[in-house]
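# Topology and contacts: notes
Take a look at the letters that make up each chain.
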Amino acid sequence: MLHTRTGSLGIGFRRGWSDWQKDLASVITFAQEQGFACIDIGGNPDEAKQIHDAGLRVGSADLWMNDILSPDADTRKVAAEKASALVADLAAQGVTNYFSVMLPPEPNRARAENFDFMVDGLRQVAPALEAANGKLVLEGWPGPGALCCTPESYRATFEAVGSPAIGINFDPSHLLRMRIDPVRFAHEFADRIHHVHGKDTEWIDEATYEYGIEQPATHGKPRGFGAMCWRYTIPGHGETRWTELFRILTDRGYTGLVSIELEDENFNGSEEGEKAGLIAGGHFLASC
């Protein structure tokens, strides 16, 4: 079974969207053949059971609940009730991590307003998470209006919600594209990190000179799974200091999983390429 050299953390991957990954049985067979420990999935309890029955673990299951950030209190309440019911169903299949990104349905509203809506929604979901002994792992993808992406917003969220069930899906690639130091972040937030995404970011210095970071390019085209000056990569092809991160996390008691999220223009787009990217990323992480 693939595991990291530092901390002996199980290595798996997040199930993608391409045609070959739509057949879960085939994905499970690939994971078993390559020695992966886990698969991250959508919010389907039957799929979670199928993975566990195959002797693998579910790294995280999706809990998309943008409506808990709705300006309408009734909409937030209904969304929280649905999310809470799904947590119970997934927990019955052994799921402990519930993945989400805090994307408000009205991203152009003032961020402070959307923050207050989010806090109210998370407070309503937290009791179900606590009852299931589960963790909501929030990923800091900086999409339109997204909250819980930076140290400022994570810190404020944990303080305002007040539940230990609200945590972090630690993805260094998003921090790097925002020029936030993942090592410093891990030091500060290790106690809230309950899942790790194995994805990296390459910062392209020549493109930074050519285009800067403040204006869109006039003629240049952005990189796949990236922008003008940066792109997401498999672990080992970017800037992340993985061994140092695993040391920090395991020293603070992390015993969870590392799931490769494959978003790399050099590998995505074909079954052969995507499998090669997952295998290469897995073996690199095993060396860290």
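Residues numbered from 1 in each chain as written. Predicted model: local features only at pLDDT ≥ 70, side-chain atom pairs only at ≥ 80, totals over all residues. Heavy atoms only, no water.

## What to know about the environment of Leu245
Note on placement: Leu245 falls in helix α9 (residues 242-251). Leaving out residues up to four positions away in the same chain, Leu245 has contacts with Phe170, Pro172, Pro182, Val183, Ala186 and Thr240. (Helix = DSSP H or I, 4+ residues; strand = E, 2+ residues; numbered from the N terminus. Contact = heavy atoms within 4.5 Å.)

## Describing the pairing of strand β1 (residues 10-14)
In terms of residue burial, β1 counts as a mostly covered element, since 5 of its 5 residues are buried. The pairing of β1 with strand β10 (residues 257-260) spans 4 bridges and is parallel. Considered in β10, the bridge of Phe13 is made with Ile260. In this sheet, strand β2 (residues 38-41) lies alongside β1 in parallel orientation, the contact comprising 2 bridges. Pairing of Phe13 across the sheet is with Ile39, part of β2. For the segment spanning β1, helix α1 (residues 24-34) and β2, crossover handedness is right-handed. (Buried < 20%, exposed > 50% of the residue type's maximum accessible area, 1.4 Å probe, protein only. Pairing = 2+ DSSP bridges. Right-handed = clockwise from strand over helix to strand, strands pointing away.)

## Observations concerning the pattern of salt bridges
For the structure on display, the rule yields 21 salt bridges. When the shortest N-O distance is used, the salt bridge between Asp53 and Lys49 registers 2.7 Å. Of the two residues, Asp53 and Lys49 are both situated in helix α2 (residues 45-53); the distance of 4 residues between them amounts to about one turn of the helix. When its relative accessible area of 57% is taken as the criterion, Asp53 is described as exposed. Given a relative accessible area of 41%, Lys49 falls into the partly exposed group. When the shortest N-O distance is used, the salt bridge between Asp191 and Arg252 registers 3.2 Å. Remark: Arg252 occurs in the loop between α9 and β10 and Asp191 occurs in the loop between α7 (182-189) and β7 (193-198); sequence separation between them is 61 residues. Given the relative accessible area of 55%, Asp191 is considered exposed. (Salt bridge = Lys/Arg side-chain N within 4 Å of Asp/Glu carboxyl O.)

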